Amino acid sequence: MAVRHFHHLGLSVPDVPVQKTFYEDFGLIGEEKDNQAVMRCIGRDQDQIVLTEGAERQLHHISYGATEEGLAAIKKNIDSSELAKEIDCPKETPYEGIWIEDFEGNVLNVNVSEPAPSKGGRNPSIPHEPFQANGPGHYTRVNEKGSISYETKPEPHRLGHIVQFTTSLEKKMAFYGDVMGLKLTDTCEGLIAFMRPPGGSDHHTVAFLETDKPGFHHVSFEVDNVDHVGLGGQGMLEKGYRNGWGLGRHALGSNFFWYIRDPHDGLCEYFADIDYIADDDAWTAKDWPMDVGFYLWGPNPPEEFGMNYEGAKTTTKPGSGGKGART
Ligand SMILES: [Fe+2]
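The numbers attached to residues start from 1 for each chain and follow its sequence in the written order. Side-chain atom pairs in this predicted model are given and counted only at pLDDT of 80 or more, local residue features only at pLDDT of at least 70, and totals for whole chains, interfaces and linings cover all residues.

With respect to the overall build of the protein
Part 1: Here a helix means four or more residues in a row that DSSP labels H or I, a strand means two or more in a row labelled E, and each is numbered from the N terminus. Along the backbone of the protein there are five helices and 22 strands.
Part 2: Overall, the C-alpha framework of the protein stretches about 60 × 45 × 40 Å when taken along its three principal axes.
Part 3: We call a residue exposed when 12 or fewer other C-beta atoms sit within 10 Å of its C-beta, buried when the count reaches 20 or more, and partly exposed for counts in between; the C-beta positions come from the backbone. Of all 327 residues assigned to the protein, the portion counted as buried reaches 43%.
Part 4: Residue pairs are scored as contacts if the distance between their C-beta atoms, which are placed from the backbone, is within 7 Å. Considering only contacts in the protein between residues 6 or more positions apart, those separated by 24 or more positions represent 69%.

Written out as structure tokens, the structure reads:
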């Protein structure tokens, strides 16, 4: 038994309103209460990012949903694990369920929940027209213009995954495998690991990068297709935000990506067309060399892409931007 879905992400940041505005510009909707903000996808009845105020940018917690039986199994797993302990619910984020601290101080919540219907994923709550593309022998779009309007506002449909820094890839994989019940999907030269809940999932709902301290790297949201990834990233640059990395296509997971740097030096990714594993027996985890596993095409990743900014105290507000802004 295992967790079933990635429910939401909790982040502490020095300036909640500025971070909230960033996510609103990204396409989410936010609600502010006290010194907190809760971000959701339009039309989805599920918190996706919970912002609390803190002196430094910190990964506050990661929340997963499970069945009643899954939750009971995870409680048992904690009892027999040296990598996890149950803790009290943080008073500032009173979500139901159990709270766990892992071996390096990361906090997790597991609650009993089903993923709320969304406009994204394998079975969206609102049916989408198939993405029309013309390839040799397969012209699915004729007598019709392909490029969409410049004014299109890409809409993030659902939270897809989080990537964390860890001090030990081995222990992190053991924690998420033995305690949370996730499956290993792929690894890359022993430096990156991708994991997913069993029973039908995106290629990854969590991934880890090994560095000298734990931390938050990025959170990722699904949009309709590659055009929406491109327009989403471009639109954020035009609003004056800093480019993270994109547009490109990953090799592991296969998704199109564009990362935007947030005001507290985290990253937020638009993604589309990620690999989906419906049958766990049909997928074999492999270790890939970095040069073929990291990305298929795109600009060279900036040096700061892989840096761990956990503990950042500064808030960077957007610059002037403007139409055509690129960096
Ligand atoms: Fe990602």
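Thoughts on the sheet that holds strand β5 (residues 58–66)
Think of a sheet as strands paired side by side through backbone hydrogen bonds, with each pair either parallel or antiparallel.
Part 1: The eight strands are arranged β2-β3-β4-β1-β5-β8-β7-β6 in an open sheet whose pairing can be described as mixed. Of all strands in the sheet, those bounded by a partner on one side alone are β2 (29–33) and β6 (84–87). Neighbour-to-neighbour, the strand axes of the sheet open up by a mean angle of 25°, direction not taken into account.
Part 2: Lines fitted to C-alpha atoms define the axes here, with helix axes fitted over just the stretch in contact, and angles between the N-to-C directions of these axes take values from 0 to 180 degrees. Along the sheet, helix α2 (residues 68–79) contacts β5, β6, β7 (98–102) and β8 (107–112); its crossing angle with β8, the most-contacted strand, is approximately 145°. Here the rule is simple: two strands pair whenever DSSP picks up at least two bridges between them.

Quick word on the pairing of strand β17 (residues 242–250)
Part 1: Pairing between β17 and strand β18 (residues 256–261): six bridges, direction antiparallel. Across the sheet, residue R249 finds its bridge partner in β18, namely F256.
Part 2: Bridge count for β17 against strand β22 (residues 295–297) is two bridges, and the pairing is antiparallel. For H250, the partnering residue across the bridge sits in β22 and is Y295.

So, the sheet that holds strand β11 (residues 158–166)
Part 1: With mixed pairing, the ten strands of this open sheet are ordered in space as β21-β12-β13-β15-β11-β16-β19-β18-β17-β22. Strands at the two margins of the open sheet, each flanked by one partner only, are β21 (286–288) and β22. Neighbour to neighbour, the strand axes of the sheet diverge by 30° on average, direction disregarded.
Part 2: Pairing geometry for strand β16 (residues 215–222) and strand β19 (residues 267–272), over five bridges, is parallel. Opposite S220, over in β19, you have E269 as the bridge partner.
Part 3: Running at roughly 160° to strand β15 (residues 206–210), helix α3 (residues 169–179) makes contact with β11, β12 (183–188), β13 (192–196) and β15 of the sheet.
Part 4: Contacts from helix α4 (residues 226–238) reach β17, β18 and β19 within the one sheet, and its direction differs from that of β18 by about 15°.

Comments concerning the nonpolar core
Nonpolar side chains in soluble globular proteins tend to be buried together.
Part 1: By definition, a nonpolar core groups buried Ala, Val, Leu, Ile, Met, Phe, Trp, Tyr and Cys residues that are joined through C-beta atoms within 7 Å. Counting 64 residues, the largest nonpolar core has I49, Y64, I74, V110, M180 and V229 as its most contacted members.
Part 2: Setting aside chain neighbours within four positions, we find I49 in contact with H8, L9, L11, Y23, M39 and V219.

Describing the pairing of β13
Part 1: The buried count for β13 comes to five of five residues, which makes it a mostly enclosed element.
Part 2: The two faces of β13 match: I192, F194 and R196 on one face and A193 and M195 on the other face are all buried.
Part 3: Both β12 and β13 contribute to a ladder of five bridges, which runs antiparallel. Note that in β13 the partner of D186 across the bridge is F194.
Part 4: Counting the residues in the hairpin turn of β12 and β13 gives three residues, including E189, whose phi is positive at 50°.
Part 5: Pairing analysis gives four bridges linking β13 to β15, with the strands arranged antiparallel.

A closer look at the environment of K183
Part 1: Relative to the helices and strands, K183 is located in strand β12.
Part 2: Sequence separation of K183 and P197 is 14 residues, and the distance between their C-alpha atoms is 6.0 Å.
Part 3: Excluding its chain neighbours within four sequence positions, the residues that come into contact with K183 are M195, R196, P198 and D280.

Here we look at helix α1 (residues 16–26)
Part 1: Where α1 is concerned, the buried positions are V16, Q19, K20, F22, Y23 and F26. All buried residues of α1 project into a common sector of 155° when viewed along the axis, lining one side.
Part 2: At the exit of α1 stands G27, carrying a positive phi of roughly 125°. For this quantity, the arc is that covered by the directions from the helix axis to the C-beta atoms.

Topic: the environment of V163
Part 1: Along the chain, V163 turns up in strand β11.
Part 2: Accessibility expressed as a C-beta count within 10 Å gives 18 for V163, which makes it partly exposed.
Part 3: Sequence separation between V163 and A193 is 30 residues; the distance between their C-alpha atoms is 9.5 Å.
Part 4: Those residues in contact with V163 that sit more than four places away from it in its chain are A207, L209, H217 and H218.

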